[in-house]
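Coordinates in review
Residues per chain, in single letters:
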Amino acid sequence: IMWDKFIYVFVITLSTYILKQLFSETPNFIKYKSKFLIFYFTASVVSLILMPFFVFNPKNVMNALFGTQIIKHVTKVIEVKWFLRNGKVLAEDRGAVIVSNHQSSLDILGMFNIWHVAVKIAAIARKEIFYVWPFGLAAYLAGVVFIDRNNSKDAYKQLKITSDVMINNKTKIWVFPEGTRNKDFTTLLPFKKGAFNIAVAAQVPILPVVFSPYYFINSKKFIFNKGHAIIQCLDPVPTEGLTMNDVPELIVKVRTMMENAYKELSKEVLSALPPDYPLATMD
């Protein structure tokens, strides 16, 4: 009986503490993490519900389109708005390789909010995400391609298989060429060559996509304010006539384009903020 009382008091105390933190005006760890948890929880629940339907048509990228159009509405709950620019680049019905910068798991939510513009997308993700069930399994059934970044031969093999689908079905492959999340507000990480090798081998265009910085998130101060992000589509970079010898130069060209666009977007969104705004770069 004593243990029952102890557990009861503990649960009530913990619940009260969590609620106070959630509704507090002051930034705190629980309030900060709750925004991400809402996104992850929604994605998991939707995945669980849709998986039985995906099983009947596995690895079809149209499954992903259906799922993303449900999950994307969580963006209203966490108070982030997405603005797509030059979306006609994504809308064209053709095989292509989309490359974008990678700052946070929120990039995925940004993708979900513009997925319907491109319609047919096969996203590339690191294999660890597959084991985050139920989302990982649903993503696999929805056509997401999981690669082992530590095994370049296997990763290239998977990308090659995907490129055949890209050409035959006019599907766009979405890759984060930085390979990992970039915490630096000022520049992009070096690009890995896999996406560019595939684009050149398939002779399809590269579509650079740039996410503006998430100025409204400060992980060190546990701040997650309402905010907006711009998703800028740059002009397609053709690969017709290029060979593997041209890949290093192609990477430099695309990365330079994206970095310049990122800096312009940074100026745009940051200049509109009050001078005392708690940016992550000010820590």
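The rules we used
Residues numbered from 1 in each chain as written. Predicted model: local features only at pLDDT ≥ 70, side-chain atom pairs only at ≥ 80, totals over all residues. Heavy atoms only, no water. UniProt positions renumbered as here; feature names shortened; annotations may be inferred. Helix = DSSP H or I, 4+ residues; strand = E, 2+ residues; numbered from the N terminus. Buried < 20%, exposed > 50% of the residue type's maximum accessible area, 1.4 Å probe, protein only. Lys, Arg positive; Asp, Glu negative; His and termini not counted. Salt bridge = Lys/Arg side-chain N within 4 Å of Asp/Glu carboxyl O. Contact = heavy atoms within 4.5 Å. Polar contact = N/O pair within 3.5 Å; in protein donor to acceptor, adjacent residues only side chain to side chain. Core = buried A, V, L, I, M, F, W, Y, C linked by side-chain atoms within 4.5 Å. Pairing = 2+ DSSP bridges. Right-handed = clockwise from strand over helix to strand, strands pointing away. Patch = residues over 30% accessible without salt bridge, like charges linked within 9 Å, V, L, I, M, F, W, Y side chains within 5 Å. Areas by Shrake-Rupley, 256 points an atom, 1.4 Å probe, with all protein chains shown as cover.

The name an unreviewed UniProt entry gives the protein chain is 1-acyl-sn-glycerol-3-phosphate acyltransferase, with Papilio machaon as the organism. The Sequence similarities (unreviewed entry) comment attached to the protein chain in UniProt states, word for word, "Belongs to the 1-acyl-sn-glycerol-3-phosphate acyltransferase family."

With an omega of 5 degrees, the peptide bond between Trp133 and Pro134 qualifies as cis. Following the sequence through the fold, Pro134 ends up in the loop between β3 (121–126) and α7 (135–141). Even without glycine at this site, Val119 takes up a positive phi of about 70 degrees. If you trace the backbone, Val119 turns up in the loop between α6 (106–118) and β3.

A few words now on the UniProt feature "transmembrane region" (unreviewed entry) in the protein chain. The positions that UniProt labels "transmembrane region" (unreviewed entry) are, in the present scheme, residues 6–24, 36–56, 130–147 and 195–217. A distance of 31 Å separates the end C-alpha atoms of residues 36–56, which is 90% helix and 0% strand. Taken end to end, residues 130–147 is 39% helix and 17% strand, and its first and last C-alpha atoms sit 10 Å apart.

Mapped onto the fold, Lys35 is located in helix α2 (residues 29–54). Buried charge Lys35 goes without a salt bridge, the closest partner of opposite sign being Glu79 at 4.1 Å. Ignoring sequence-local partners within four residues, the contact set of Lys35 consists of Ile78, Glu79, Phe224 and Asn225.

Our focus in this paragraph is helix α3 (residues 61–71). Turning to α3, its buried residues number three or more, namely Val61, Asn63, Ala64, Leu65, Gly67, Thr68 and Ile71. Buried-residue contacts for α3 involve α2, α4 (74–77), α6, β3 and α7. The distance from a side-chain oxygen at the start of α3 to the backbone nitrogen of Met62 is 2.8 Å, and the residue carrying that oxygen is Asn60.

With 83 residues, the main nonpolar core has Leu106 and Phe196 as its most contacted residues. At nine residues, helix α10 (residues 247–271) tops the list of elements feeding residues into this core. If we skip the residues at most four places from it in the chain, Leu106 touches Phe36, Ile78, Trp82, Tyr214, Phe216, Ile217 and Phe224.

With that out of the way, let us pick up the side chain of Asn113. Within the secondary structure, Asn113 sits in helix α6. You can call Asn113 buried: its relative accessible area is 16%.

Taking burial as the measure, the six residues of β3 include five buried ones, the bulk of the element. When β3 meets strand β5 (residues 172–175), the two strands line up parallel, connected through three bridges. The partner of Ala123 across the bridge, within β5, is Trp174. In this view, the connection linking β3 to its parallel neighbour strand β4 (residues 145–147) by way of α7 has right-handed handedness.

A cluster of nonpolar residues, Trp3, Phe6, Ile7, Phe10, Val11, Leu14, Ile18, Leu19, Leu22 and Phe23, forms a patch on the protein surface that exposes about 1,000 Å² of accessible area. Structurally, Leu22 can be placed in helix α1 (residues 2–22).

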